[in-house]
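# Survey of secondary and tertiary structure
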Amino acid sequence: MSEAPTVPLTAYRRRPLEEMRQRAASFLDEVRGRRSVREFSSDPVPREILEACLLAAGTAPNGANRQPWRFVAVSDPKTKRAIRSAAESEEAAFYGGRAPDEWLEALEHLGTDAHKPFLEDAPWLIAIFAESYSVEDGGKVKNYYVNESVGIATGILVTALHHAGLATLTHTPSPMGFLNEILERPANERAFLLLVVGFPAEGVEVPDIAKKSLEQIAVFVEE
Ligand code: IYR
């Protein structure tokens, strides 16, 4: 091992197997209750709940500990309106011919279209940016595994928000360059995903879809 400074792993506690089984099952039960929703209530969500979830996202394992993410949380109605308007323009082009038929067919069962009222209805939009490179002392510093790192952080954020009792929608208008302009983000930040956050609208329905089985998603190679 190298001479890099270390500290003891005090936060880790090995648990009895039975407790591990119970915790794994109860976490599965909890995350199975998560669904993306596309209709949000306008009920406000206190900022401190988002702050804790963002700190949770910031614990993600990442390349060389560069933490190449930046979260811009927007509740300002004017900014949300500008984001909706720009996103709907891109989506109109997407659904109106830019997307290949094959892609549109793959989306049919979700019932999505270019109309995105949730971008104004939801109390918060979190624009997630990936730092393609960092800027230190005016110079460019390389980041590593940026997509993997930001993807993991986003997964933790979605899960933390769900755990806190909120609903989300992972929205990916394409291209997303308008987020840099509206949110005045620098050139080293690339828009990665727009997370819509709030409470589901009263009586909301979600697509009747299922997750794959364990056999479909996992392979075990054992002795
Ligand atoms: N960005 C579009 C299209 C879309 C793409 C995928 I992949 C989805 O899972 C859902 C929608 C939209 O948000 O409507």
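Just so it is clear, the structure is predicted and the values come from calculations on it, not from any experiment. (Residues numbered from 1 in each chain as written. Predicted model: local features only at pLDDT ≥ 70, side-chain atom pairs only at ≥ 80, totals over all residues. Heavy atoms only, no water.)

A few words now on the nonpolar core. Ranked by size, the top nonpolar core spans 23 residues in total, and within it L50, I126, I128, L157, L161, L195 and V197 carry the most contacts. The set of elements that each furnish at least two residues to this core consists of α2 (47–57), β2 (124–131), α6 (146–164) and β6 (189–198). Looking at this core, the element that brings in the most residues is α6, giving seven residues. With residues near it in sequence (within four places) discarded, I126 still touches L50, L54, F71, V72, A73, L157, L161, L193, L194, L195 and V197. Listed in part, the 22 residues of the second largest apolar core include F118, A122, L169 and M176. (Core = buried A, V, L, I, M, F, W, Y, C linked by side-chain atoms within 4.5 Å. Buried < 20%, exposed > 50% of the residue type's maximum accessible area, 1.4 Å probe, protein only. Helix = DSSP H or I, 4+ residues; strand = E, 2+ residues; numbered from the N terminus. Contact = heavy atoms within 4.5 Å.)

Below, the discussion takes up the pairing of β2. Across the eight residues that make up β2, a large majority, eight, are buried. Burial of the side chains of β2 extends over both faces: W124, I126, I128 and A130 are buried on one face and L125, A127, F129 and E131 on the other. The sheet contact formed by β2 and β6 spans eight bridges and is antiparallel. The residue bridging A127 from the neighbouring strand is L194, located in β6. (Pairing = 2+ DSSP bridges.)

Now for the pattern of salt bridges. If you walk through the whole model with that rule in mind, you get nine salt bridges. In this structure, E19 and R15 form a salt bridge, with 2.8 Å as the shortest nitrogen-oxygen distance. Linking E18 and R21 is a salt bridge whose minimum nitrogen-to-oxygen distance equals 3.1 Å. One end of the pair, E18, and the other, R21, are both in helix α1 (residues 17–32), three residues apart, so they sit about a helical turn from each other. Each of R81, R84, E88 and E120 takes part in salt bridges that share partners, so that together they form one network. (Salt bridge = Lys/Arg side-chain N within 4 Å of Asp/Glu carboxyl O.)

So, about the site of the ligand. In the vicinity of the ligand, the residues found are E91, F94, Y95, W103, L107, L110, D113, K116, H171 and T172. Between H171 and the ligand, the recorded distance is 3.1 Å, taken from a side-chain N or O atom to an oxygen atom. A distance of 3.3 Å separates a nitrogen atom of the ligand from a polar atom in the backbone of T172. The protein chains hide 72% of the 380 Å² of surface that the ligand would expose on its own. Of all elements in the fold, only α3 (77–98) and α4 (101–107) reach the threshold of two or more residues within the shell around the ligand. Among the elements that take part in the shell around the ligand, α3 stands out by supplying three residues, more than any other. (Near = heavy atom within 4 Å. Polar contact = N/O pair within 3.5 Å; in protein donor to acceptor, adjacent residues only side chain to side chain. Areas by Shrake-Rupley, 256 points an atom, 1.4 Å probe, with all protein chains shown as cover.)

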